[in-house]
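# Survey of secondary and tertiary structure
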Amino acid sequence: QNRKVYVPNLFAKINGVTEDLEDYWQDLKALTLAQNTKLIATLPFTEIRYTKQELYQSNYLLDKEGLVDAEKIVKDRHYKFGYLKSSLQHFLITKINELFHSGIFLESVDDKFKLKILMTILTMDDDLLKLIEVFDYPQEIPKLIVYDNHRNTFNESDSILLAYFNLIGLDILVFTPTNYQTLEQFLKSSLFDLHQLPLVKYDLLLPSLNNLSAPSPKLGLLSRFFKRR
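Okay, so let's go over this structure.

Turning to helix H4 (residues 86-100), a few remarks are in order. With 15 residues, H4 extends 22 Å from end C-alpha to end C-alpha; this agrees with the ideal 21 Å at 1.5 Å per step. For H4, the set of buried residues is Leu-88, Gln-89, Leu-92, Ile-93, Lys-95, Ile-96, Asn-97, Leu-99 and Phe-100.

With that settled, the discussion passes to the sheet that holds strand S4 (residues 171-176). If you walk across this open sheet you meet the five strands as S2-S3-S4-S1-S5, and the pairing is parallel. Each edge of the open sheet is held by one strand with a lone partner, namely strand S2 (37-40) and strand S5 (193-196). On average, each strand axis in the sheet is tilted by 15° relative to the strand beside it, whichever way the strands run. Pairing between S2 and strand S3 (residues 143-147): four bridges, direction parallel. Residue pairing for S3: Thr-37 is matched across the bridge by Lys-143. Of the strands in this sheet, S2, S3 and S4 touch helix H1 (residues 21-32), which is tilted by about 150° from S3. Across the sheet, helix H7 (residues 156-168) is in contact with strand S1 (11-15), S3 and S4; its angle to S4 comes to roughly 140°.

Let us look at the packing of aromatic side chains. Within this structure, the stated rule accounts for eight aromatic pairs. Here the aromatic rings of Tyr-24 and Phe-175 are separated by 6.1 Å at their centres, their planes lie at 85°, and the arrangement is edge-to-face. Taken as a pair, Tyr-24 in helix H1 and Phe-175 in strand S4 lie far apart in primary sequence, 151 residues in all. This pair shows no difference in class: Tyr-24 is buried, exactly as Phe-175 is. Both rings, one in Tyr-180 and one in Tyr-202, keep their centres 5.8 Å apart while their planes meet at 45°; by these two values the pair is tilted.

Throughout the structure, instances matching the rule amount to eight salt bridges. Here Asp-127 and Lys-38 are joined by a salt bridge, their closest N and O atoms 4.0 Å apart. Here Asp-127, found in helix H6 (residues 126-133), pairs with Lys-38, found in strand S2; they are 89 residues apart in sequence, far enough to count as distant. Notably, a salt bridge pairs Asp-125 with Arg-49, separated by 3.3 Å at the nearest N-O pair.

Conventions we followed
- Residues numbered from 1 in each chain as written.
- Predicted model: local features only at pLDDT ≥ 70, side-chain atom pairs only at ≥ 80, totals over all residues.
- Heavy atoms only, no water.
- Helix = DSSP H or I, 4+ residues; strand = E, 2+ residues; numbered from the N terminus.
- Expected span 1.5 Å × (residues − 1).
- Buried < 20%, exposed > 50% of the residue type's maximum accessible area, 1.4 Å probe, protein only.
- Pairing = 2+ DSSP bridges.
- Axes fitted to C-alpha atoms, helices over the stretch in contact; angles between N-to-C directions.
- Contact = heavy atoms within 4.5 Å.
- Phe/Tyr/Trp six-rings, centres within 6.5 Å; stacked < 30°, edge-to-face > 60°.
- Salt bridge = Lys/Arg side-chain N within 4 Å of Asp/Glu carboxyl O.

Encoded structure:
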């Protein structure tokens, strides 16, 4: 519309589990089988790959308005998007600037936090970068599914990347059988939809989804949420 593309992507947190755990696992398995989907079951899923010195030295990448200087960032040694087509690189840099002013973080986005955002994105894991690499909005939207069964497992860097992926247009689903507030410690709850399932489970280990038996023909609760079957 008006020369803009609006991607109808999901960002949802699913608290609790269904009464029948088999249905819960089968639905989770079905969702992970979608094309270009990455399942994360170990949290936090990011690592700090930069030093404090590198963090503060990256200040030169911001212009006088506090935005990313595109000409400087593409020459920085941490920049790893150079192999992507120019239009996609421009898109990714633009989304970093949008993230600065999105208002979705609970923490105030001052200059120091801007540098954390910038360095977290520039040093993200290659497996996560691949989700961006295959992004093709007219076809299959990449998906990130997170299984979070412990307390206080997301860290600040995790929240930065999830917020960034949401702005880019990826689908994000976070399964939290414990009902704990996790993402809510870093991001405003208005950023994602919240679905509540009837039961709460603590320390519920994720089984090997590949070893699950064939799914039953009935329609699971999560499948009705996301219309996957």
